[in-house]
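Structure assessment
Listed below, chain by chain, are the residues.
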Amino acid sequence: LIKQFLTETDWGVGGLDYLIIDTPPGTSDEHISIVQYLNDARSSGQGASGAIVVTTPEEVSLADVRKELNFCKKTSVPVLGVIENMSGLQTRVSDMRFMNDESND
């Protein structure tokens, strides 16, 4: 399915400005397939110009990102940036206010 999506989709006359592929952490067969097809397209003047890696401040997430950055290096995918999501969220649970759909509180 990945090959079919990336190679047989009609992207239009001008192609795409952005293609965002959200994958789970890791370096699975799906990641390898995506990189192979995008690298092939890049060598023909099209394809991905790089990757943006998104993480959260937890150590387990940062460990996954280190693996992903190594994967990008080994597969010659330039890393355009690293985004740390939710890095400024610091609040006590007792200070949070939870609402349900049926209430206006």
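1. Comments concerning the overall build of the chain
Looking only at helices and strands, the chain features 3 helices and 2 strands. Ordered by position from the N terminus, the helices and strands of the chain form the series α-α-β-α-β. Per-residue burial for the chain yields a buried fraction of 14% across its 105 residues. A separation threshold of at least 6 residues defines the contact pool for the chain, and within that pool the share at least 24 residues apart is 67%. With an accessible surface of roughly 8,600 Å², the chain has 52% of that area assigned to carbon and sulfur atoms.

2. Focus: a nonpolar patch on the surface
Judged by side-chain polarity, F5, L16, L19 and I21 come together as a nonpolar surface patch covering roughly 330 Å² of accessible area. Of the residues examined, L16 reaches a relative accessible area of 40% and is grouped as partly exposed.

3. Quick word on the confidence of the model for the chain
Per-residue pLDDT for the chain averages 78, and the proportion of residues at 70 or more is 84%. Summarising per-element confidence for the chain, the mean pLDDT is lowest in helix α1 (residues 2-8) (77) and highest in strand β2 (residues 79-84) (89).

4. Topic: the pattern of salt bridges
Counted under the stated rule, the structure contains 2 salt bridges. A salt bridge links R66 to E59, with the shortest nitrogen-to-oxygen separation between them at 2.5 Å. For D95, the salt bridge goes to R92, with nearest N and O atoms at 3.2 Å. On the basis of relative accessibility, which here comes to 49%, the residue D95 falls in the partly exposed class.

What counts and how
Residues numbered from 1 in each chain as written. Predicted model: local features only at pLDDT ≥ 70, side-chain atom pairs only at ≥ 80, totals over all residues. Heavy atoms only, no water. Helix = DSSP H or I, 4+ residues; strand = E, 2+ residues; numbered from the N terminus. Buried < 20%, exposed > 50% of the residue type's maximum accessible area, 1.4 Å probe, protein only. Contact = heavy atoms within 4.5 Å. Areas by Shrake-Rupley, 256 points an atom, 1.4 Å probe, with all protein chains shown as cover. Patch = residues over 30% accessible without salt bridge, like charges linked within 9 Å, V, L, I, M, F, W, Y side chains within 5 Å. Salt bridge = Lys/Arg side-chain N within 4 Å of Asp/Glu carboxyl O. pLDDT = per-residue confidence, 0-100.

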